[in-house]
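Examining the three-dimensional arrangement
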Amino acid sequence: MSSAKERMRNKKLKNQPSSVTYSSPGVGSGSSHCRNGGEGPSHGRGHDPSPARDRGSSHPIHGGGWVRGHQRDGKAYGQELPKAITASGFIKARAAEVTAMLKAVNKTTGSVHAFGVLPKHMRRRAMSHNTKRLPCRLREVANRMLEKSQKLGQKEKKPQSKTKSRKARRRHGNLLLDFNRRQRKNVWLETHIWHAKRFHMAKRWGYCLGERPTYKCYRACYRAMSSHCLLQDLSYHCCLELRGEEGLLLAALAQLTCKDSGPTFAAVASLSGRRQGSTLVYRAGQAPAQPLGPVLFLWRPRTQDSTHRQLWLWIHPTLKQDLLPELRAVCQCSEAVPPLPTLEEMPPAPAPPSQPPPGPAQAPALDTETKGPQPDGAKASKRKRSQGETETTGPPAKKVLGDGTRSPTTPVTWRSSTTGIVLSDLTMEIVRYRLIGPLSHSVLTETLEAATECDASSPSQQACFWWPEHCKDERNMSLHRKQADIFNLLKGVYSTAEVPSGSVLGLTVDDPRLTLPRIRGKAMPSIQQAQEVDEEEESRRELMLHGVPEGCSQSPLWERSVRDNVTDHKTPEQELNRMRSEVLVPGSRLQPLPQGRVPVLLVQQPGKQAGQEQASWGVGWDLLLPKAWGMAFWVPLVYRGVRVGGLNMALKHSQNKGAPHFPHDYPDCPAGKRFQEEQEEELLAKFKRRPPAKRTNYIKHGCLAPFRCPWQQLAEEWELIVREEAVTGGEEAKGGGSSETLAKLLVPKAGEMTSQVDVAFTILRNRKSLRLLSSWCRPTSSKGQRSQRQWAVPPLNPAVAASLLASNWRSLVWVRLSLLSKGQPELHAQVCVPAPEDLRRQRGQPSCSEPLEPLHTDHFRSKLKQLKKHRKAKPTSSSSSHKSDDKQSGSAPISTSTSTPGPDTSSAPTIHSTPGPPSLSAPTPLPSVTLPAPSLTPPSSSPTSDLILGLWPEPLPSVSSHCSRVTLGWVSQGDFSLVSGCGEALGLVSLPGLLHMLLGQPEDQRGLVLLRNPSSLQYRLAKVNIEV
Amino acid sequence: MTEPRSPVSASIPQPPPVVVPPPSTDGAAVEMDPVEYTLRKRLPRKLPKRRNDVYVNMKTDFRAQLARCQKLLEGGGHREICVHGLGLAINRAINIALQLQASSQGALQLAANTSTVELVDDLEPEDPDEAGEPMTRTRNNSAIHIKVFYPDPQ
């Protein structure tokens, strides 16, 4: 109460003229003015005596000052009155006071509402909105104030008022314009709006992609993958097309691939066009070094007596910027071709559909994407023809120039003048959906229906549709019938895995929207009825054994003209709805329209192929469609009971398959490197968002790089360790005459240590070496060995290991780790070599025997604190020397250089009290001392900026020997695996390290490693699997 | 199909490690050189599965499989169940059926059938550029189907 009064008083006094002073205690006549002052007209406050009493008691000194109210005790009336008063002076002073008072009285202070005049009990809540609730006398004032406030509000809203009303914004044309504006940076897929309603969208690689659904479905998606069907939109993958003579193409592409790591572009199975192939591409001519990334490729089946071939490469968008220049280089495609000539240059189709003159109508369609609703086919083509050359698409057309991976101005086609190879970029031209799961074929057979044939006799009024033209040729029709038969055979197959992996089936289907069921159901195989027919059974067996027969992989989808025709003449949804409403029996099947025939390609995706357990998990089909038909197929697929997964499910899919996922698990590829950098930034930003006290202190956990993996450093260190040991061990061996060791065999090679200093690390992909390693990693006495017996694998001994190591000093090996007991590996968990006593304990009691990492000390913490203090005390002082002195005396007796502050070296002695494998304890201090020498000597400013509590500053000390167990590598994906029911991780380990470890381990415990999460001290035993 | 949900459940028979050398090979792949081809076994053909079908594998714990059968017979209300075993799992299937019979004090009866299942192997050439098409071959493996049922009271 009193404080409020005080405030009020201060407010009023604010406006008093400076000439007036109230300090003098005894201006008696002055006080007479003051007695009734302070009651503004706007405040209808009563003249209650109690506050005055309060005031009197609380400010006794102010007696004669600016005091309000009647003073009871009369103390304020001064005892000494002046003897004489000068009239003029007195009046002047009073006049000033009067004006001040009037000013104060007239001014409304603060936000005083009109209804503030009313006593509290008469106020109502809605008065501020409805002035009629106020008494008449106040209404006018209130109205004025209301107007004023509204004006103020409008001023704020003014920029917003430019946008139209919601209704206007939702109008079709405006909506499309807005959509176009929103995809300027990140392009949308055709299913974007469907996804955006249901998914958390992420902006990746120039596209807007669904990251994960907003509803909880992790397990449901897993179940769908393993027992029914999961659907993904993979249209963001880029497609590159190569056309040319087969021999020339193969010769050019051979420079990019390496036979050792698996099938290449020339693999016979895929060259015929019956199978999809996959390979890893390298930089031209660099084959086993510098890899770029994995590629899926598809050859177009040979047409009769023609060596002219067509090849599609399907790549991840991050790979495109690396691969495209390489392809142009190897194919010598230097001339950029403007889009028009490529159409005329098309190879002769098996049945060239007579097209409207291709030039004007299709020129815009090359670069622009006319997705979304389009006018009726016939009308559209007429209009296009009549309007001729100009681009007729008005503002309401939905078009996106370019795509997420290239700017609209770059050419899309290149031709080589010497070889005649044409390279074109078909990104976003073809929609690709992936169905994962053993029942994906039944989803497909239920959704799609082979196109009904067009009776050629009826004179089709529009010659512009491709299907009637296509039907005229009898060869095409017989092929179509064959394809339809094979497609129908799939109905009787129980699992997608029964079809040979990578089979390609071309097909022409009816518009799937015609057969859209009214309610969502679940597609199931109909197996019993199909088994009755013997003939069918026989042909099904044929399909299972030998795959799709020759020729049935051909599809009109390969023709650009057909694709464009289908895209242009898509029936809009509106038209279909109209037809539905006109059907006599509601819900009955619609008559297929002449333009509603879509060429598609079905490609079988093999499931898990490597390893023995869970064979062909995650098998599925890919569905390739011409663009603009995305949603027409998406919704019918969803209506067959598939689950839809996002990017994170794609990751889980490859993780469960035990396959590396691009670009996450390819750190030796440029795209993988970029990804790791981005990931580090992201994780670091996430880490920094937490309050410092709540962050994990990774230094204390002995985790050097929780957000990224220093692969290069690891590879170098292990090379050093093994070579070093080879030198020392070799000398011993000479002296002692002991049996041959890895060390001894490596002695001659150890001399060349310095020769390869800046060799980048690579991932071992040579299948023979991997197969060797894979057999060595298994304990020899376990079951499941028999199946591998047919391989005459040399047993692990130092000689073989040395020969394997000779060419792969800086290699990493891709391994799958499954935990033996509990535990859930995380991203960037450490893979470590178990010490002999760990293994001994594990043999004794397999349960509670997993070691703990001793807690590390964080030397940077005190340093940070000091820095903070220094900054507070004297912000400009350079405190580096002082700091380092402190550190030296405290904790780092080893380091000799005064400028190196302790932490990087001091961690070594504390930790190596429990050494790893004894053989390694000797060489380990070596890297830890040599590597970080130039580390923390910078001038005062730089460490302060990049020192973050809980993270090691750059450069890192020795990564391999930082902890009590020697680090072998890191995990790049880790989770609890629902497939195998235990924690599983995929990661990379150093090859020299792995061999070293395997040689040191007893036979029956070979391939056991320790796994430790970055934010935990607990090691867990895990089994190494290398799958080829 | 009698069952509404998830016909491909976890109980689908895992391919038991087959010891038997392939007795019959396809004509194309009679003489295969083990160095040039990688053998990859496909899963055995899956058949429609009713609720009272139990496919026995060698991976799941024996007691768990036995308990599942007992649950079907007692709690599940089925008058009969079928226990299927392929290859190495034949032994185990017989074992389960006999255990079931023994524990029921003679109330259950068995009726065994044997069959031959055709399995498909993929032979993938090591050097795919020259070796030619990937081949497949078929081989046969024995299977057993044991009907475990309560006889009709007559």
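Each value, and the rule that gives it
Residues numbered from 1 in each chain as written. Chains lettered and ligands numbered in written order. Predicted model: local features only at pLDDT ≥ 70, side-chain atom pairs only at ≥ 80, totals over all residues. Heavy atoms only, no water. Helix = DSSP H or I, 4+ residues; strand = E, 2+ residues; numbered from the N terminus. Contact = heavy atoms within 4.5 Å. Areas by Shrake-Rupley, 256 points an atom, 1.4 Å probe, with all protein chains shown as cover. Buried < 20%, exposed > 50% of the residue type's maximum accessible area, 1.4 Å probe, protein only. Pairing = 2+ DSSP bridges. Phe/Tyr/Trp six-rings, centres within 6.5 Å; stacked < 30°, edge-to-face > 60°. Lys NZ or Arg CZ within 6 Å of the ring centre and 35° of its normal. Axes fitted to C-alpha atoms, helices over the stretch in contact; angles between N-to-C directions. Left-handed = near helix turned anticlockwise from the far one by under 90°. Nonpolar A, V, L, I, M, F, W, Y, C, P; charged D, E, K, R; others polar. Core = buried A, V, L, I, M, F, W, Y, C linked by side-chain atoms within 4.5 Å. Patch = residues over 30% accessible without salt bridge, like charges linked within 9 Å, V, L, I, M, F, W, Y side chains within 5 Å. Salt bridge = Lys/Arg side-chain N within 4 Å of Asp/Glu carboxyl O. Lys, Arg positive; Asp, Glu negative; His and termini not counted. Charge placed at Lys NZ, Arg CZ, Asp CG, Glu CD.

Notes on the overall build of chain A
- Along the backbone of chain A there are 37 helices and 23 strands.
- Of the contacts formed within chain A by residues at least 6 apart in sequence, a portion of 77% connects residues at least 24 apart.
- Total accessible area on chain A stands at roughly 48,300 Å², and carbon and sulfur atoms take up 55% of it.

Points about the overall build of chain B
- Broken down by element type, chain B carries two helices and five strands.
- Listing the helices and strands of chain B from first to last along the sequence gives β-β-α-β-α-β-β.
- Going through the 154 residues of chain B one by one, you find that 42% of them count as buried.
- Long-range pairs, those at least 24 residues apart, make up 78% of the contacts in chain B between residues at least 6 apart in sequence.
- Approximately 8,100 Å² of chain B is accessible, and the part contributed by carbon and sulfur atoms is 52%.

Description of the pairing of strand β5 (residues 135–149) of chain B
Residue and element names in this part refer to chain B.
- Among the 15 residues of β5, 11 are classified as buried, and the element is accordingly described as predominantly covered.
- Across 15 bridges, the pairing between strand β4 (residues 109–125) and β5 is antiparallel. Residue pairing in the sheet places Asp121 in a bridge with Arg137 of β5.

Quick look at the packing of aromatic side chains
Residues and elements named next belong to chain A.
- Throughout the structure, instances matching the rule amount to 16 aromatic pairs over all chains.
- Ring plane angle 55° and centroid distance 6.4 Å describe the contact between Tyr207 and Tyr236, whose orientation is recorded as tilted. Of this pair, Tyr207 sits in strand β3 (residues 207–213) while Tyr236 sits in the loop between β4 (230–233) and β5 (238–245); the two residues are 29 residues apart in sequence, bridging distant segments of the chain.
- A relative accessible area of 0% places Tyr207 in the buried class.
- A residue is classified by how much of its surface remains accessible, and Tyr236, at 5% relative accessible area, is buried.
- Taken together, the ring pairs in this structure connect Trp194, Phe199, Tyr433 and Trp634 into an aromatic cluster.
- Note that Arg432 overlies the ring of Trp314, its terminal NZ or CZ placed 4.7 Å from the centroid.
- Over the face of the ring belonging to Trp809 we find Arg723, whose NZ or CZ atom lies 4.0 Å from the ring centre.

As for unusual backbone geometry
All names here are of chain A.
- Here the bond from Phe662 into Pro663 is cis, since omega is 0°, no more than 30 degrees from zero.
- For Pro663, the position within the fold is in the loop between α24 (647–657) and α25 (670–689).
- One non-glycine residue with positive phi stands out, namely Trp205, at about 50°.
- Relative to the assigned elements, Trp205 resides in the loop between β2 (199–204) and β3.

Things to note about the packing of helix α28 (residues 767–777) of chain A against helix α29 (residues 798–806) of chain A
Residues and elements named next belong to chain A.
- For the pair α28 and α29, interaxial distance at closest approach is 11 Å and the crossing angle is 145°. Note that α28 runs across α29; the crossing there is left-handed. The segment α28 lies against α29, with Ser769, Leu773 and Trp776 engaging Val800, Ala801 and Leu804.
- Partitioned by chemical class, the residues of the contact of α28 with α29 number five nonpolar, one polar and no charged.

Digging into the nonpolar core
Residue and element names in this part refer to chain A.
- Counting 58 residues, the largest nonpolar core has Leu773, Trp776, Val813, Leu817, Leu968, Leu994 and Ile1026 as the members making the most contacts within it.
- When near neighbours in sequence (up to four residues on either side) are disregarded, Leu968 contacts Leu714, Trp718, Val831, Cys832, Val833, Val989, Ser990, Gly993, Leu994, Met997 and Val1009.
- Ranked by size, the runner-up nonpolar core spans 45 residues in total, among them Leu249, Val281, Ala287 and Phe297.

Some remarks on the sheet that holds strand β13 (residues 504–510) of chain A
All names here are of chain A.
- Reading across from one edge, β13-β14-β15-β12-β4-β16 is the order of the six strands in this open sheet, with mixed pairing throughout. The sheet is open, and its two edges are formed by β13 and β16 (643–644), each paired on a single side.
- In this sheet, strand β14 (residues 597–605) lies alongside β13 in antiparallel orientation, the contact comprising seven bridges. When the sheet's bridge partners are listed, Val509 is paired in β14 with Val598.
- Helix α21 (residues 560–568) contacts β12 (430–436), β14 and β15 (620–626) of the sheet and is inclined by roughly 115° relative to β14.

Looking at a negative patch on the surface
- Where like charges cluster on the molecular surface, the negative patch consists of Asp534(A), Glu535(A), Glu538(A) and Glu542(A).
- Along the chain, the position of Glu535(A) falls in helix α20 (residues 534–546).

Observations concerning the pattern of salt bridges
Residues and elements named next belong to chain A.
- Within the structure shown, the criterion is met by 36 salt bridges over all chains.
- Across the pair Asp178 and Arg181 runs a salt bridge whose closest N-O atoms are separated by 2.7 Å. Of this pair, Asp178 and Arg181 are both found in helix α7 (residues 172–182), three residues apart, which corresponds to roughly one turn of the helix.
- Of the charged contacts, one joins Glu246 and Arg302 as a salt bridge, the two residues approaching to 3.4 Å between their closest N and O atoms. Note that Glu246 is positioned in helix α10 (residues 246–254) and Arg302 in the loop between β7 (291–299) and β8 (308–315), a separation of 56 residues in sequence.
- Judged by relative accessible area, Glu246 falls into the buried class, the value being 16%.
- If you follow the salt bridges from partner to partner, you end up with Glu716, Glu719, Arg723 and Arg810 in one network.

What about the sheet that holds β2(A)?
Residues and elements named next belong to chain A.
- Reading across the sheet, the three strands line up as β1-β3-β2 and stay open at both edges, with mixed pairing between neighbours. Both edges of this open sheet fall to β1 (187–188) and β2, since each of them pairs with a single strand only.
- Bridge count between β1 and β3: two bridges; the pairing is parallel. In the sheet register, Trp188 faces β3, and the bridge partner there is Cys208.

Concerning the environment of Leu994(A)
All names here are of chain A.
- Among the structural elements, Leu994 can be located in helix α37 (residues 991–1000).
- For Leu994, a relative accessible area of 0% puts it in the buried group.
- A sequence separation of 30 residues divides Leu994 from Val1024, and the C-alpha atoms of the two residues are 9.9 Å apart.
- With sequence-adjacent residues up to four places away left out, Leu994 is seen in contact with Leu773, Cys777, Leu968, Val989 and Ile1026.

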